[in-house]
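Single-letter residue listing:
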Amino acid sequence: MSEVIALGKAGAAIRTANDAGRGALVAYLPAGYPSYDGGIDAIKALVDGGADVLEIGFPYSDPVMDGVTVQRASEAALAAGLRTRDVLSTVEKLASYSDVPVLVMTYWNPIERYGVDRFAADLAGAGGAGLITPDLIPDEGAEWIASADKHDLDKVFLVSPSSTDERIRMTTAACRGFVYATAVMGVTGTREKPSDLAAPLVARTKAATGVPVGVGLGVSNADQAAGVAAFADAVIVGSAFVKVVEAGEGPAGVRRLTESLAEGVRREPSTAASR
Amino acid sequence: MSTVLPDQLGHFGRFGGRFMPEALIAPLDELTRAWQEAMADPEFTGEFDRMLREYAGVPSLLYDATRLSEAAGARILLKREDLNHTGAHKVRNALGQALLTKRMGKTRVIAETGAGQHGVATATACAYLDLECVVYMGEVDTERQALNVARMKLLGAEVISVKTGSRTLKDAINDALRDWVASVDKTHYILGTAAGAHPFPAMVRDFVRGIGDEARAQSLELLGRLPDAAVASVGGGSNAIGLFAAFIPDAEVKLYGIEPGGDGFETGRHAATISAGQVGVLHGARSFLLQDEDGQTIESHSISAGLDYPGVGPEHAWLADTGRASYRPITDAEAMEAFRLLSRTEGIIPAIESAHAVAGALDIAKELGPEATILVNLSGRGDKDMDTASKWFGLIDAPEAGRE
């Protein structure tokens, strides 16, 4: 029973992909970048290119988990006047664009400031699927967990190579949707070579939970995506998309990269098929 | 009132805690264990005391400032932390955490700095204990505190100028945290103030609480009783919590935190976090912070780089919330007037941070009356601020002289 509940919206989409014998592609772009409308068009291109789950980044003034690429995009979005209500309306527009689940990835303070339960209600009302919370651990998350459950939202917490098995058990027990496994000890950003910390972390996480496990941090191309899809349920890509937008390649460029990554997660061998 | 806060998860009432990436939770747990074991180990505490005494010049003097008292209209005692090695209270925390770094078997230290005082103290402790040292400093601060950048480099530290965000202290902390999450295996982050995620607020407090412990004993010796009030400036809050900690159980001693009022409340250009901020989460803890309607951090403003921070340590938020301490702003102009007054009456040039506390004490003296004895933490010396002071008072004949 808990398995069914913990799949939630994003988890169901990931399992649909896994059932088709492939890894799922979770794609990230921030709201409001390069502009409010331009951001919506770029995120739509993620859907058009074949993303299975969307992560909409909530730009924040002090993004300590992010490398320079996402920092610059966040600063630009905020400088252009992006507000919390604009993040919610971006979610609403994407949720009505397709059936692809829309999660918001956010640092905690903007949610606390808006009001945790109020944000959960408005996110659900906008058709959002839930939150990914990089600086909120379940130990501090009682209010969010209660509100998410009340409004039927996914709760995606992070696990890390440094997490103890005990913390992995506790954290995954609080997750619904998927578990975000950070592949490296570090911040977001594209990396040359794949991390050798990711596979052992996924194995430890899967030993603790039936909730799907997504791997993020450092994945930027189809080969890397194929490599990660061989051991994880979902591949999370963010900074590589932001770089495409930053380079001015527009929705067409975003769609090209999405299609390439979508091909990557479909390559054999994918252990996902054996689930 | 209980002094055993925080609880096991680092909460001071509703403040504090850990709002940090999961990657840092296990390292923070390890740090908490290492710190608690160290503080219970006489070998560690003995070595810390020895370093403070023989190297840092602690205990600092408690000085009966009679000419300042005459001007203030109440008796003012100055805790002379400005006389410590490196010129501020910061050396206590830096030595404590550097010694803990060695104990944990780590070889590299990172730190953030605003005015440069914590960066210099950390670079000093690392030179003394043979540790690799990298200091993050906002680009704006490297410009207004160029002398301290030179000091850190001379001491062997690498200084990284942070060019993101507002390019001040908060952004230096962001970049230090980004470094730490990628390097935590061999690196300890010596946070410079009693803020951040657990165990930092409690750990930093315990390393600097000698300020108040000494001042309390010195007051009893000098006065035969405790002072009526204890006053300290509050940016992140380390010198203030260091002074307050010893007095929190003494209900008869009023505690005053002096916040940087910048150009004045009404202008919005200030860094008076408790007086004007709201509850929120920044840099790993729930506390008061300067934020907009959407929870985005607002840039703070103060003539004092060391107080120019939009957050504050969670124990201060708790002391304010419970009413045990009160917090009030002092403007740049009031602080600079006190800076001049202390220089002229006592021959002591204070750090501009500490000048805020002196200015606050002048107001409190009027409120408490001539019988009152007010203990002020003179947290640092003013050498680093001479460029700012010269411009403010027009002391140097140069084309660019005059107020910034």
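Remember, it's a predicted structure, so these values are computed and weren't measured experimentally.

### So, the interface of chain B and chain A
If you look at the interface, chain B gives 36 residues, while chain A gives 34 residues. A per-residue breakdown of the area chain B buries against chain A is headed by Glu22(B), Arg178(B) and Asp294(B), which together make up 25% of the total. Counting across the chain B and chain A interface gives five salt bridges. Close ionic contact of Asp294(B) with Arg83(A) constitutes a salt bridge, the shortest N to O distance being 2.5 Å. There are 23 residue pairs in polar contact (both at pLDDT 80 or more) connecting chain B and chain A. It is helix α8 (residues 169–183) of chain B that contributes the most residues to the side of chain B that touches chain A, seven residues altogether. Partitioned by chemical class, the residues of the side of chain B that touches chain A number 15 nonpolar, twelve polar and nine charged.

### Things to note about empty space enclosed by the protein
Rolled over the atoms, a probe with the dimensions of a water molecule shows which regions are left empty. Considering all chains together, one arrives at nine cavities of 30 Å³ or more under this definition. By volume, the largest cavity amounts to about 330 Å³. If you trace the largest cavity, you find 30 residues lining it, with His89(B), Lys90(B), Gly306(B), Leu307(B) and Glu353(B) closest to the centre. Within the residue set of the lining of the largest cavity, elements represented by two or more residues are β5 (108–113), α5 (117–129), α8, α11 (238–244) and α15 (352–368) of chain B. Each residue belonging to the lining of the largest cavity can be placed in one class, and the counts come to six nonpolar, 19 polar and five charged. A domain split of the lining of the largest cavity shows at least three residues from each of domain 1 (11–53 + 89–204) and domain 2 (59–87 + 209–393) of chain B. Tyr28(A), Asp66(A), Val70(A), Met105(A) and Thr188(A) are the residues nearest the centre of the second largest cavity, which is lined by 28 residues in total. For the lining of the second largest cavity, the secondary structure elements donating two or more residues are β1 (24–30), β2 (53–57), α3 (68–79), β9 (234–237) and α11 (239–246) of chain A. Each residue belonging to the lining of the second largest cavity can be placed in one class, and the counts come to 16 nonpolar, ten polar and two charged.

### Thoughts on the sheet that holds strand β7 (residues 179–182) of chain A
Residues and elements named next belong to chain A. Overall, parallel pairing links the nine strands, which are arranged β5-β4-β3-β2-β1-β9-β8-β7-β6 in an open sheet. Pairing within the sheet leaves two strands with one partner each, and these edge strands are β5 (154–156) and β6 (158–159). Bridging between strand β3 (residues 102–105) and strand β4 (residues 130–132) involves three bridges; their strand directions are parallel. Along β4, the bridge assignment pairs Met105 with Ile132.

### Observations concerning the packing of helix α1 (residues 25–39) of chain B against helix α9 (residues 200–208) of chain B
Residues and elements named next belong to chain B. Viewed as axis vectors pointing N to C, α1 and α9 meet at an angle of 25 degrees, and their least axial separation amounts to 11 Å. As far as their axial angle goes, α9 and α1 are roughly parallel. Of the two possible hands of crossing, α1 and α9 adopt the one that is left-handed. In this structure, α1 contributes Leu28, Leu31, Trp35 and Met39 to the contact, and α9 contributes Phe200, Ala202, Met203, Asp206 and Phe207. Looking at the contact of α1 with α9 residue by residue, the class counts come to eight nonpolar, no polar and one charged.

### Some points on the sheet that holds strand β7 (residues 158–162) of chain B
Residue and element names in this part refer to chain B. Strand order in the open sheet formed by four strands is β7-β6-β5-β8, and the pairing between neighbours is parallel. The sheet terminates laterally at β7 and β8 (187–189), the two strands that pair on one side only. Looking at each pair of strands side by side, their axes are set apart by 20 degrees on average, direction ignored. Pairing of strand β6 (residues 132–138) with β7, which is carried by five bridges, proceeds in the parallel orientation.

### What to know about the UniProt feature "modified residue: N6-(pyridoxal phosphate)lysine" (unreviewed entry) in chain B
Residue and element names in this part refer to chain B. UniProt records the feature "modified residue: N6-(pyridoxal phosphate)lysine" (unreviewed entry) for Lys90 in the present numbering. Structurally, the position occupied by Lys90 is in helix α4 (residues 90–103). Looking at Lys90, the relative accessible area reads 17%, which means it is buried. When sequence neighbours within four positions are dropped, the list of residues in contact with Lys90 reads Gln117, His118, Ala121, Gly192 and Ser238.

### Focus: the layout of surface pockets
The computed volume of the second largest pocket comes to approximately 420 Å³. Together, 18 residues line the second largest pocket, and Arg167(A), Leu9(B), Arg18(B), Ile25(B) and Asp29(B) are the ones closest to its centre. Per element, the largest residue contribution to the lining of the second largest pocket is six residues, and it comes from α1(B). Grouping the constituent residues of the lining of the second largest pocket by class yields five nonpolar, six polar and seven charged.

### As for the UniProt feature "active site" (unreviewed entry) in chain A
When the UniProt feature table is mapped onto this chain numbering, "active site" (unreviewed entry) sits at Glu55(A) and Asp66(A). Lining the second largest cavity, from the set of annotated residues above, are Glu55(A) and Asp66(A). With respect to the helices, strands and loops of the structure, Glu55(A) is situated in strand β2. Residue Glu55(A) is classed as buried on the basis of its relative accessible area of 2%. As for its placement among the helices and strands, Asp66(A) is situated in the loop between β2 and α3. If we ignore the near neighbours within four places in the chain, the residues touching Asp66(A) are Gln71(A), Tyr107(A), Val187(A), Thr188(A) and Arg178(B).

### Focus on the domain arrangement of chain B
Residue and element names in this part refer to chain B. Taken as a whole, chain B is organised into domain 1 (11–53 + 89–204) and domain 2 (59–87 + 209–393). Look at where the C-alpha atoms of domain 1 and domain 2 centre, and you get two points 22 Å apart. At the junction of the two partners, domain 1 supplies 38 residues and domain 2 supplies 43 residues. Contact between domain 1 and domain 2 buries roughly 3300 Å² in total, counting both sides, with carbon and sulfur atoms accounting for 58%. Taking the shortest distance from any N to any O, the salt bridge between Glu81 and Arg92 comes out at 2.6 Å. Contributions of two or more residues to the side of domain 1 that touches domain 2 are made by β2 (15–16), α4, α5, α6 (139–144), α7 (146–154), α8 and α9. For the side of domain 1 that touches domain 2, the leading source of residues is α8, giving five residues. Here the side of domain 1 that touches domain 2 is built from residues that sort into 16 nonpolar, 14 polar and eight charged.

Rules of the game
- Residues numbered from 1 in each chain as written.
- Chains lettered and ligands numbered in written order.
- Predicted model: local features only at pLDDT ≥ 70, side-chain atom pairs only at ≥ 80, totals over all residues.
- Heavy atoms only, no water.
- Contact = heavy atoms within 4.5 Å.
- Buried area = accessible area lost by both parts, 1.4 Å probe.
- Salt bridge = Lys/Arg side-chain N within 4 Å of Asp/Glu carboxyl O.
- Polar contact = N/O pair within 3.5 Å; in protein donor to acceptor, adjacent residues only side chain to side chain.
- Helix = DSSP H or I, 4+ residues; strand = E, 2+ residues; numbered from the N terminus.
- Nonpolar A, V, L, I, M, F, W, Y, C, P; charged D, E, K, R; others polar.
- 1 Å grid on protein atoms, 1.4 Å probe; cavity = no way out; pocket = protein on both sides within 12 Å on 5 of 7 lines; lining within 4 Å.
- Points joined across faces, edges and corners; volume = space filled by probe spheres on them.
- Domains from an automatic or database assignment.
- Pairing = 2+ DSSP bridges.
- Axes fitted to C-alpha atoms, helices over the stretch in contact; angles between N-to-C directions.
- Parallel < 35°, antiparallel > 145°, perpendicular 65-115°, else oblique.
- Left-handed = near helix turned anticlockwise from the far one by under 90°.
- UniProt positions renumbered as here; feature names shortened; annotations may be inferred.
- Buried < 20%, exposed > 50% of the residue type's maximum accessible area, 1.4 Å probe, protein only.

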